[in-house]
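# Inside the fold
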Amino acid sequence: MALSPALGLPARPVNGARRGPAPTSPAPRIPGGEPVLAARFAVPATPETFVRRPRLADRLTEGLRTPLVLVNGPAGAGKTLLVADWLTTGPPPGSAVWLTVEREDNAPGVFWAYLLEAARHHGVVLPDDIGRPSRADEVDHSLLARLAAHLSLLPEPVVLVLDEFEHVSCGEVADGLQFLLAHAGSGLRLVLISRTEPLLPIHRYRASGGVTEVRAADLAFRPEEAAALLRRHGLDLPAESSRSLTERTGGWAAGLRLSALAAQGAADPAAHLEEFEPGRSTVADFLLAEVLDTQPAETQDLLLRTSVLERIHPELADALTGRTDGARILAALARANAFVEPVGHSWYRCHPLFAEVLRVHLAARSPGLERELHRGAARWLAGAGRLTDALPHAAAAGDWAFAAQQVVDHLAIGRLFTGRDAERLDALFAGMAPDVRGPAPELLRAARDLAHHDVDSGFEHLRHAEALLARQPGEDDSAALLTAAQLRVLAGRLLGSAALARAAAEQAERWEERVPPELLAEHPELPALRLNDLGSVLLWEGSLAAAGAASTAAARTADGATTAGPRQEALARLALIDLLDGRPGRSEARLRKAAAEAERAGLPPVSRTGVGRLVQAALAVDRGDLSAARAAVDRAAGSTGVCPDPAVAAGLAIVRARILLAGGHARAAVDALGPLAEGGPARAGAPPRWVTEGAALVLSAAHLADGDPAAALEVLERGGADSPECAVAAARAHLAAGDHRSALRVLEPIPDHDGHGPAVTVRVLLARSQVAAALGDEVGALRLLARALTAARPEQVRRPFREAGPWLRRLIRTRPALVDSHGWLPADLLPGLPATGGRDAAPPDPVEPLSGRELDVLEQAAHMLSTDEIAAELFLSVNTVKTHLKSINRKLAVSGRSRAVRRARELRLI
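Presented here is an overview of the structure given in this document. All chains use their own residue numbering, which begins from 1 and follows the written sequence. Only residues with pLDDT of at least 70 get local features here, since the model is predicted, and only at 80 or more are side-chain atom pairs given and counted; chain-wide, interface and lining totals rely on the full set of residues. As a rule here, side-chain values cover all heavy atoms of the structure and leave hydrogens and water aside.

Along its length, the protein chain carries 46 helices and 9 strands. The C-alpha radius of gyration computed for the protein chain amounts to 39 Å, which surpasses the reference 29 Å derived for 910 residues by more than 25%, pointing to a less compact arrangement than a globule. For the protein chain, the spread of C-alpha atoms along the principal axes amounts to about 130 × 75 × 55 Å. Relative accessibility thresholds used throughout: buried, under 20% of the residue-type maximum; exposed, over 50%; partly exposed, between the two (1.4 Å probe, protein chains only). Counting the 910 residues in the protein chain, one finds 54% classified as buried. For helices the rule is a DSSP run of H or I covering at least 4 residues; for strands it is a run of E covering at least 2, with both sets numbered from the N terminus onward. Put simply, the radius of gyration uses C-alpha atoms, and a globule should come to 2.2 Å times the residue count raised to 0.38.

Shown next as structure tokens:
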């Protein structure tokens, strides 16, 4: 009785196949006189735990349109059972013939004798004149011609399955099969099941569309298929456990089945699979016996030594074996499907489960060798310019000094702060022993501490590294000194010291001149990080123009995964500077650009900068959308992508207070400014003027809301605030106290054009209009209001009008036509006013009403969330959000998200 590979199961005939010769017939024999072993004709039976996979069965059925079907994969991939189940549960039209090939079939006469007997056994009627081979070592070509001619006349094709075809190494056998396949025409479909590439010219069949291939990647179980297999074994595990096991085994059928069998008797199968050690199990026994032990000694040595690698290059393999046969052996292993596969550009990958087993075997066979192999791999990879791959090997070898030196010498320190490798490198160097000494290890410790915002420890390690460099100068310390200067800029940002950051940035620029240009070109993140950090600390210093220049330079650095974070933060900071300068429209445009940069680079929402959230919140307050403002503040607090920036912390405190004040909570607003009232963050020194004045404006407004204009004036005078915004606040306090002349006197020194943005100009004009109205000059008040509306309209500056108070509504009632063309104004200033029907009349209604979900998406878009963030907020897929956005644009007759939001606000939809 035949056994199915690796599973020990009895074989069974193909459904519907006629039985072989009757027992009374003489037993057929092969050339040489040995009896035919009929068990080789039996189709292996599938076990009860077998999982039928329709995607593969359909692929095989579709493959019958081509002359050749190749099922090719490593041992235990489920090749044989897949084809056997396909044949027995959905047999193809015509006859199906199964033959399990053995090594003895490399004798042409033996192979063709068995093939003819297999055909007869499975009910294929062959004329007697076809004949039989008479000798084991050859077959008459005319026999093959007669067989091909007979098959070509059949109304339905014969499906010939040759299992374990990897045993065929005889070119004459392969040539005969090729001849038969070419001349049998539609009367033959050949299915080859093989661990290795067959001797047939597959490339020619592929070029002519004459082959259907089911490869190892197709045979690999998907997570849902693995879950079904585990359930067949009585294991109903969480989806995550199934997914994890699938990843660990690479979807390898035998690995999944053997792991399931091992977990069946466990009290907690999920925990057992999580802790399962394939290297010391039946999985290891299978792989060692079926794969490793069948290889020559030099191949076994290469497999064991390269098991420490995630990917294998022939030259790297040679470096670890000390030989020069790596290319030949790896190519042969890949052809043989021996759990080694090419991944492109001369690199190979060993199956992860096989590699795990090999490492256990290596440790048992050669204790201590693994550490040396990691050391050798680290040096080869570093020399080949593959630093990211080299560092884990250096760490595994305990060679921390080498690892740190490579990071410094390759100018890769910035990769700890930005890019896809930041978290991995941080975790890697977390394991560096404290007794590892030298400038490079100290610089790495400083970088990790600063990345975790531990400025005291980071600065201490940085000073220690600089002292070592001064005492023990090397032949060329340029890279180390540049690294130190780069870290000093970040330290200056965290400390709020613009002087420290400026000096360090200048040092870094000088050291860059001594570093090879091609090395600098590989690390655009260094200038991006440095300029971004400098822009941040200059903003905290209050040097808005210099901060803008540094941030602009950071935003213009080379595009790439490692620069996306600092570039996005720099763009968001420019939006904040625009907002501080009274240019909300330009600020919003910059913020959209920053969001687009983050989305294009694939930055997850939680890793994005808090500066952008701060600007989102401030703009939402300006629009009167307090719920959106609160949401943006909360997201800023939860962001992991920003260090404790004193400018952001202060800005968020002011916005929180403004939100509370706008909500009618004046006392709570004052409490929210507590840290700023005490002089700002202790470490960062005195806050800049834009912070102190922003806090003073909130405090003054809070006192006015409480009916205490004297206290409001005292706050402004105590802080020495002299900006136009503070003059406006003082004028309002004087007006509240009934001192109209003092209000006029405060406003008179402010020039009409002081270089500030429209938001500042509008506030000043409205304040002057209010004073004129209070003094009885209605004509002057209306003229100033008209100027304010004109200045506000290009960027739709709403907040000054919203905060103006009842006097503005009274003034508008005297001349309603003044606001006819300003439908963007806050709604409470427009009710009951006639529409002009002119160019700026209210927009038409939507083409069709927006659905509830579309309104939800539009609300989130109005908060300037990215598509990914909207999807996360509303628990939708990204594609669904994109579909809703397209529908919204169509219904509102606009193109683009910002226009849709603007139209929706005009229509009072949001």
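The next subject is the environment of Ser194. Residue placement: Ser194 occurs in strand S6 (residues 188-194). For the pair Ser194 and Ala263, spaced 69 residues apart in sequence, the C-alpha to C-alpha distance is 30 Å. Setting aside chain neighbours within four positions, we find Ser194 in contact with Val71, Asn72, Gly73, Lys79, Phe165, Glu166 and Asn337. Any two residues having at least one pair of non-hydrogen atoms within 4.5 Å are treated as being in contact.

Let us look at the side chain of Arg488. Examined against the element boundaries, Arg488 turns out to sit in helix H23 (residues 478-495). Residue classification places Arg488 among the buried positions, given a relative accessible area of 18%. Here a polar contact is recorded for every N or O atom pair within 3.5 Å, except that within protein the pair must consist of a potential hydrogen donor and a potential acceptor, and residues adjacent in sequence are included only if both atoms are side-chain atoms. Within the local environment of Arg488, its side chain forms a polar contact with the side chain of Glu466, the two groups lying 2.8 Å apart. Those residues in contact with Arg488 that lie beyond four places of it in its chain are Phe459, Leu462, Arg463, Glu466, Leu500, Ala504 and Gln507.

What follows covers helix H35 (residues 689-705). Expected helix span is taken as 1.5 Å per residue step, with the number of steps being one fewer than the number of residues. A rise of 1.5 Å per residue sets the reference length of H35, with its 17 residues, at 24 Å; its end C-alpha atoms lie 24 Å apart and thus fit the reference within 8%. Restricting attention to buried positions, one finds in H35 the residues Trp690, Val691, Glu693, Gly694, Ala695, Ala696, Val698, Leu699, Ser700 and Ala702. Where H35 terminates, the next one or two residues include Gly707, which has phi positive at roughly 80 degrees.

So, on to the packing of helix H30 (residues 610-623) against helix H31 (residues 626-637). Axes, fitted as lines to C-alpha atoms, cover a helix only where it is in contact. Angles between the N-to-C directions of the axes lie from 0 to 180 degrees. At a minimum axis separation of 8 Å, H30 and H31 run at an interaxial angle of 170 degrees. By the angle class used here, H30 and H31 are roughly antiparallel. For H30 against H31, the interelement crossing comes out left-handed. Judged by residue contacts, Gly610, Arg613, Gln616, Ala617, Ala620, Val621 and Arg623 of H30 engage Ala628, Ala629, Ala632, Val633, Arg635 and Ala636 from H31. Partitioning the contact of H30 with H31 into residue classes produces 8 nonpolar, 2 polar and 3 charged. By the definition adopted for this analysis, an angle is roughly parallel if under 35 degrees, roughly antiparallel if over 145, roughly perpendicular if from 65 to 115, and oblique otherwise. For any helix crossing, the convention is left-handed if the near helix is rotated counterclockwise from the far helix by under a right angle, and right-handed if that rotation is clockwise. Gly is placed with the polar residues, together with every amino acid not listed as nonpolar (Ala, Val, Leu, Ile, Met, Phe, Trp, Tyr, Cys and Pro) or charged (Asp, Glu, Lys and Arg).

Once that is clear, we can look at the pairing of strand S5 (residues 158-163). Most of S5 sits inside the fold, with 6 of its 6 residues counted as buried. Of the pairings in the sheet, the one linking strand S4 (residues 96-100) to S5 comprises 5 bridges and is parallel in character. Following the sheet pairing, Trp98 is matched in S5 by Val161. Pairing geometry for S5 and S6, over 5 bridges, is parallel. Its bridge partner lying in S6, Leu162 is registered against Leu192. On the question of chirality, the crossover connecting S5 to the parallel S6 by way of helix H5 (residues 171-184) is right-handed. Note on pairing: two strands pair once DSSP finds at least 2 bridges between them. Handedness is read with the strands pointing away from the viewer; a crossover is right-handed when the path from the first strand over the helix to the second is clockwise.

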